[in-house]
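Listed here are the chains, written in short residue letters.
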Amino acid sequence: QRAIDVVVSDELQAMDRLARHHVAVMAIAMAARIALVLVSSMVDAEVGDGTPKYTDVDYYVYSEAASLVGKGRSPFLRDTYRYSPLLAMLLVPNEWLHMSWGKWLFVGGDGIVAVLIYWITSERSRKKAGLSATTCVALWLYNPFTASISTRGSCESITCAMVLGVIWMLMKGQVFLAALLYGLVVHLRIYPIIYSLAILLVMDEDFPGVQASLPQDGKEEAGGGSLWRQLAVRFLNRQRMVFSVVSATTFFLLTGTFYYKYGRSYLLDGLLYHLTRSDHRHNFSSYFYPIYLGMADSAQGSVASILLRWVAFVPQFMIQVTLALTFAKDLPFCMFISTFAFVALNKVCTAQYFVWFFCLLPLVSQQWTLGWQKAIQVFVVWTAAQLHWLWWAYNLEFLGRSMYVQVWLGSLLFLAANAWAITQCIRFHAFQPLFRGGRLLSLP
């Protein structure tokens, strides 16, 4: 008994040291973000109107829309506001409390993402092999890109926190709460709809509580029913039905409420815009130049350009379905690789979108088998292709040189780099189902 007490005491002390280390890692990173918000606010206040500011242009759009909401008016009276009214409502204190309120909210979102990463990776890695949960948290918090996105005033951290919250709730078997959160995040930012098939597929007989709700062998109705009926009973289990109904109800209830309140402007600018959006201005997407050429044909764009915008969905849809069918059992990895592919093939691809898969990267890093040298190689190739694009974009936007073709070629090179990075992530990933036999499966 004394030997057992010693072992337990040593384990508790080790856990206490690890917890303190985790808190220190988070505290330093959050302090750096706080400093960035404070310093950037002072610097932005000093620079002239024509000088680029640290604060993202979108943050001013959010703030002006929030000001309109605070006055009881529609946020869509602000041109280029293309988000859910919920975002503007969250930022109403920008008007009467402080202009930086939204930035503090987004920095807090970074912290919530870090906590969820710690919880998820700790829960999956009960054994001590692989990267520690604290290291996984550091991959998010000490990424200068993610730090700059939130402190410049982008709302992506809120979306990321909600996506990770869905994963955490599913890991705990809280289907109803996961569905509520999923419906909310799809309403807030439509792109998480790409996870719907994978989430439904993971709720198979290995998901907690599913096996108990299914008809037991030999206990079906007399005659056993048709094969299709038995398959339908097994596929349309209670968990899948609850998730589908609750998430859809949440989404449509919020969407209907804001449509009733703000009318057609919400439907067009806050929702449908993201389905039809195409940007003829230069961005990382390989589609921008063909769309740009089509837009030059007429004020409304050529028929070929309009057709291209819809045809672009075809490879996205096919790849999303393929990835979900292949990797859904390993849900965090499936969501990561699906997001990576979605962003790479999107008609519009900006740097902010990278955060969508950066927040999922720590969840799969514990299953890497590529080693640090290979990981660095993938990172260098991906970053070099991005910097190559940025060089031509700088010449086009800031120096006024006609570099559209060069920027487009840079986009094609970046697409190739993304495709190669995705294949490497798949090749060097140790596939591990999230659930087995109704229980969460720990990593080996």
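About the criteria used
Residues numbered from 1 in each chain as written. Predicted model: local features only at pLDDT ≥ 70, side-chain atom pairs only at ≥ 80, totals over all residues. Heavy atoms only, no water. Salt bridge = Lys/Arg side-chain N within 4 Å of Asp/Glu carboxyl O. Helix = DSSP H or I, 4+ residues; strand = E, 2+ residues; numbered from the N terminus. Buried < 20%, exposed > 50% of the residue type's maximum accessible area, 1.4 Å probe, protein only. Patch = residues over 30% accessible without salt bridge, like charges linked within 9 Å, V, L, I, M, F, W, Y side chains within 5 Å. Areas by Shrake-Rupley, 256 points an atom, 1.4 Å probe, with all protein chains shown as cover. Phe/Tyr/Trp six-rings, centres within 6.5 Å; stacked < 30°, edge-to-face > 60°. Lys NZ or Arg CZ within 6 Å of the ring centre and 35° of its normal.

1. So, the pattern of salt bridges
Thought 1: Enumeration over the complete set of coordinates arrives at 9 salt bridges.
Thought 2: Measuring nitrogen to oxygen at the nearest pair gives 3.8 Å for the salt bridge that ties Asp56 to Arg152. Of this pair, Asp56 sits in the loop between α1 (2–46) and α2 (57–70) while Arg152 sits in the loop between α7 (144–151) and α8 (156–171), placing them 96 residues apart in sequence.
Thought 3: Overall, Asp56 belongs to the buried group, its relative accessible area being 10%.
Thought 4: A relative accessible area of 28% places Arg152 in the partly exposed class.

2. Regarding a nonpolar patch on the surface
Thought 1: On the surface, Ile34, Leu38, Val39, Met42, Val43 and Trp104 cluster together to form a nonpolar patch covering roughly 530 Å² of accessible area.
Thought 2: Looking at the element boundaries, Val39 is found in helix α1.
Thought 3: Note on Val39: relative accessible area 45%, which makes it partly exposed.

3. With respect to the packing of aromatic side chains
Two numbers describe a pair of aromatic rings. These are the distance of the centres and the angle of the planes.
Thought 1: For the structure on display, the rule yields 37 aromatic pairs.
Thought 2: Ring geometry for Phe284 against Trp389: centres 4.2 Å apart, planes inclined by 35°, an arrangement best described as tilted. Of this pair, Phe284 sits in the loop between α14 (264–276) and α15 (288–297) while Trp389 is found in helix α21 (residues 371–397), placing the two residues 105 residues apart along the sequence. Taken as a pair, Phe284 and Trp389 share a single burial class, namely buried.
Thought 3: Judged by centre distance (5.9 Å) and plane angle (55°), the ring pair of Phe354 and Phe414 falls under tilted. Here Phe354, found in helix α19 (residues 354–358), pairs with Phe414, found in helix α22 (residues 404–427); they are 60 residues apart in sequence, far enough to count as distant.
Thought 4: Between Lys103 and the ring centre of Tyr59, over which it is positioned, the NZ or CZ distance is 5.7 Å.

Bear in mind that shape data such as this cannot, by itself, settle questions of function.
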